[in-house]
Amino acid sequence: MIINTDSSWIDDTCMVPIVRDDLSESESEDMYVVDTEPDSEEENPNDRHVLGTINTDKMAKELLALRLSGVNPLEVITALGLNLHNENIAPSVAWSLLEGLIDELKEARLPRKQLPQFSSVNKGVEIIAKARRILVLTGAGISVSCGIPDFRSKDGLYSKVRARFPELDDPTLMFDLAYFKKNPKVFYSFAREIWDVQGHEPSVSHMFISQLEARGQLLRNYTQNIDGIEAQAGISKCITCHGRFDTTTCQRCHDQTLSGERLQEFIHEGVVGTCAHCGGVLKPDLVFFGEPLPDDFDTHIDADCEQVDLVIVMGSSLKVKPVAGLCGRIPRHVPQILINREVVGYPHQFDLYLLGECDDITHYLLSRLGWLSEESSYDGRMPFSPVGPGKYVWTG
Ligand SMILES: [Zn+2]
């Protein structure tokens, strides 16, 4: 696919995939091999448990031996230096607590450490070109240039909510299920700011992802966004982790037949949407705080974490769990790139940090990858300044 990059390039014509034909077959094959396996069978220090050399399997066996020998579990708990507030606890419950503790230790891992072999801009371009199972995690930062406010910045949605509803303790209550049930007005007053399908065109960042898909390199786009622009950009391998705006469920009779157009009218007018059958309040099928993620997240996440050969996080504050924890689930040897205004996710470390506006950086990457129809405007010039190990700030 060739993207036109003059100022009017975001129109219907750039949605049509055009296969780049200037690659020989062997080159194309070559592009799809990325060696991200660990160099040896030795334990990667990155994979070690928080407690370093403690062997949790051995601990579990020793605990079982103690239990069979008739030891009082409260003595074990005390010997570990732990305090129980309730000393009348039944022995079976105390043993369960100890077993649960070991299970927790098994899961506990050190935060991911940077892999310096992937920590240069040129290496980043190379691994994007070669990867064939890229997992892209996106947040509000890729839709800001589409005219959609982000949530947490100074001028973001939450500060507008705070200004208009000062009585609200916490603007995130707008998306809190229990609060919505009591007072849906706050949500409906602001929904049009984030979902009004009129006039929001995909950004360069969206088109970068659709390019990866058109070239067979996208494993999955996990998006935290609810603006639906991925579909407009032609990204089909997309999981909308926080649900969708174009379908709705009545909170009283659970009717789901309301058309997207009618919901849009309610949202556009800023009035609370009500069910035509029972008058109950309508809730778009977004994932509010207090609700589980959509089924397709659970369906794909484990297999995707096993297959992925490159992670790119774009425009996310990595503050909203569980999506924010996704990067920590990926095998440690898989390279990870962050494209964002600022460093996020600490203490998790990415290999390469490209800091600036997502659109500037993805435009640069498209150019370096040879995926633009125009001549590269960079000509070997590096539009980044290094600011730390693997960290580069966009200078344009
Ligand atoms: Zn109803």
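Residues numbered from 1 in each chain as written. Predicted model: local features only at pLDDT ≥ 70, side-chain atom pairs only at ≥ 80, totals over all residues.

1. Focus: the overall build of the protein
Part 1 of the argument: What the protein contains, in helices and strands, is 14 helices and 10 strands.
Part 2 of the argument: Looking at the 396 residues of the protein, the share that counts as buried comes to 33%. (Helix = DSSP H or I, 4+ residues; strand = E, 2+ residues; numbered from the N terminus. Buried ≥ 20, exposed ≤ 12 C-beta atoms within 10 Å, placed from the backbone.)

2. Points about the UniProt feature "binding site: Zn(2+)" (unreviewed entry) in the protein
Part 1 of the argument: When the UniProt feature table is mapped onto this chain numbering, "binding site: Zn(2+)" (unreviewed entry) sits at Cys 250, Cys 253, Cys 275 and Cys 278. The largest pairwise C-alpha distance within this set of annotated residues, which runs over 29 residues, is 8.6 Å, so the set is compact in three dimensions.
Part 2 of the argument: Structurally, the position occupied by Cys 250 is in strand β4 (residues 243-250).
Part 3 of the argument: Here Cys 250 falls in the buried class, since 21 other C-beta atoms lie within 10 Å of it. (UniProt positions renumbered as here; feature names shortened; annotations may be inferred.)

3. Points about the UniProt feature "active site" (unreviewed entry) in the protein
Part 1 of the argument: The feature "active site" (unreviewed entry), as annotated in UniProt, sits at His 242 in this numbering.
Part 2 of the argument: For His 242, a count of 21 C-beta atoms within 10 Å gives the class buried.
Part 3 of the argument: The contact partners of His 242, leaving out residues within four places of it in the chain, are Gln 224, Ile 226, Leu 286 and Val 287. (Contact = placed C-beta atoms within 7 Å.)

4. A closer look at the sheet that holds strand β10 (residues 391-394)
Consider a sheet: its strands pair through backbone hydrogen bonds, and that pairing is either parallel or antiparallel.
Part 1 of the argument: Spatial strand order, β3-β2-β1-β6-β7-β8-β10-β9: 8 strands in an open sheet with mixed pairing. Strands with a single pairing partner mark the edges of an open sheet, and in this sheet they are β3 (238-240) and β9 (384-388). Looking at each pair of strands side by side, their axes are set apart by 20° on average, direction ignored.
Part 2 of the argument: Of the pairings in the sheet, the one linking strand β7 (residues 336-340) to strand β8 (residues 352-355) comprises 4 bridges and is parallel in character. Within the sheet, the bridge partner assigned to Ile 339 lies in β8 and is Leu 354.
Part 3 of the argument: Contacting β1 (134-138), β2 (218-223) and β6 (310-314), helix α9 (residues 204-214) runs over the sheet at an angle of about 150° to β2. (Pairing = 2+ DSSP bridges. Axes fitted to C-alpha atoms, helices over the stretch in contact; angles between N-to-C directions.)

5. Considering the packing of α9 against helix α14 (residues 358-368)
Part 1 of the argument: It is at 8 Å that the axes of α9 and α14 come closest, and there the two elements cross at 40°. Between α9 and α14, the angle is such that the two are oblique. The hand of the α9/α14 crossing is left-handed. Contacts between α9 and α14 involve Val 204, Ser 205, Phe 208 and Gln 211 from the first element and Cys 358, Asp 359, Thr 362, His 363, Leu 365 and Leu 366 from the second.
Part 2 of the argument: A per-class count over the contact of α9 with α14 returns 5 nonpolar, 4 polar and 1 charged. (Parallel < 35°, antiparallel > 145°, perpendicular 65-115°, else oblique. Left-handed = near helix turned anticlockwise from the far one by under 90°. Nonpolar A, V, L, I, M, F, W, Y, C, P; charged D, E, K, R; others polar.)

6. A look at helix α5 (residues 121-130)
Part 1 of the argument: Along α5, the residues that are buried comprise Gly 124, Ile 127 and Ile 128. In a view along the axis of α5, the buried residues occupy a sector of 105°, so they form one face of it.
Part 2 of the argument: Of the surrounding elements, those touching the buried residues of α5 are β6, β7, β8 and α14. (Arc of directions from axis to C-beta.)

7. So, the pairing of β8
Part 1 of the argument: As judged from the 3 bridges shared by β8 and β10, these two strands associate in the parallel manner. Along β10, the bridge assignment pairs Leu 355 with Val 393.

8. Some details on helix α2 (residues 56-68)
Part 1 of the argument: Taking 1.5 Å as the rise per residue, α2 with 13 residues should run 18 Å; its terminal C-alpha atoms sit 18 Å apart, in good agreement.
Part 2 of the argument: Where α2 ends, the next residue or the one after it, Gly 70, has phi of about 85°, a positive value. (Expected span 1.5 Å × (residues − 1).)

9. With respect to the pairing of β10
Part 1 of the argument: Alignment of β9 against β10, held across 4 bridges, turns out to be antiparallel. The residue bridging Pro 386 from the neighbouring strand is Tyr 392, located in β10.
Part 2 of the argument: Between β9 and β10, which pair antiparallel and follow one another directly, the connecting turn spans 2 residues, one of which, Gly 390, has a positive phi of 70°.

10. Observations regarding the nonpolar core
Part 1 of the argument: Judged by nonpolar contacts, the single largest core of 72 residues is most densely connected at Ile 134, Val 136, Leu 310, Val 311 and Ile 312.
Part 2 of the argument: If near-sequence neighbours (up to four positions away) are discounted, Val 311 is found in contact with Leu 135, Cys 327, Ile 330, Val 334, Gln 336 and Ile 337. (Core = buried A, V, L, I, M, F, W, Y, C linked by C-beta atoms within 7 Å.)

11. Remarks on the environment of Tyr 158
Part 1 of the argument: Relative to the elements of secondary structure, Tyr 158 occurs in helix α6 (residues 157-164).
Part 2 of the argument: Expressed as a C-alpha distance, the spacing of Tyr 158 and Thr 172, which sit 14 residues apart in the sequence, is 6.9 Å.
Part 3 of the argument: With residues up to four places along the chain from it excluded, the contact list for Tyr 158 reads Phe 151, Arg 152, Pro 171 and Thr 172.

12. With respect to unusual backbone geometry
Part 1 of the argument: For the bond running from Tyr 346 to Pro 347, omega is 10°, close enough to zero to count as cis.
Part 2 of the argument: Within the secondary structure, Pro 347 sits in the loop between β7 and β8.
Part 3 of the argument: Of note in this structure, His 254 is not a glycine but carries a positive phi near 65°.
Part 4 of the argument: You can see His 254 is positioned in the loop between β4 and α11 (260-269).
Part 5 of the argument: Exposure remark for His 254: the 10 C-beta atoms within 10 Å place this residue in the exposed category.
Part 6 of the argument: With a phi close to 50°, Leu 318 is a non-glycine residue in the positive phi region.

13. Focus: the environment of Pro 389
Part 1 of the argument: Along the chain, the position of Pro 389 falls in the loop between β9 and β10.
Part 2 of the argument: Its 11 C-beta neighbours within 10 Å are what place Pro 389 among the exposed residues.
Part 3 of the argument: When residues no more than four places from it in sequence are discounted, the contact partners of Pro 389 are Gln 114, Pro 116 and Ser 119.

14. Let's talk about the packing of α6 against helix α8 (residues 185-194)
Part 1 of the argument: Running from amino to carboxyl end, α6 crosses α8 at an angle of 145°, the nearest separation of the two axes being 11 Å. Pair α6 / α8 crosses with right-handed handedness. Where α6 abuts α8, its residues Leu 157, Lys 160 and Val 161 lie against Val 186, Phe 190, Glu 193 and Ile 194.
Part 2 of the argument: Partitioned by chemical class, the residues of the contact of α6 with α8 number 5 nonpolar, no polar and 2 charged.

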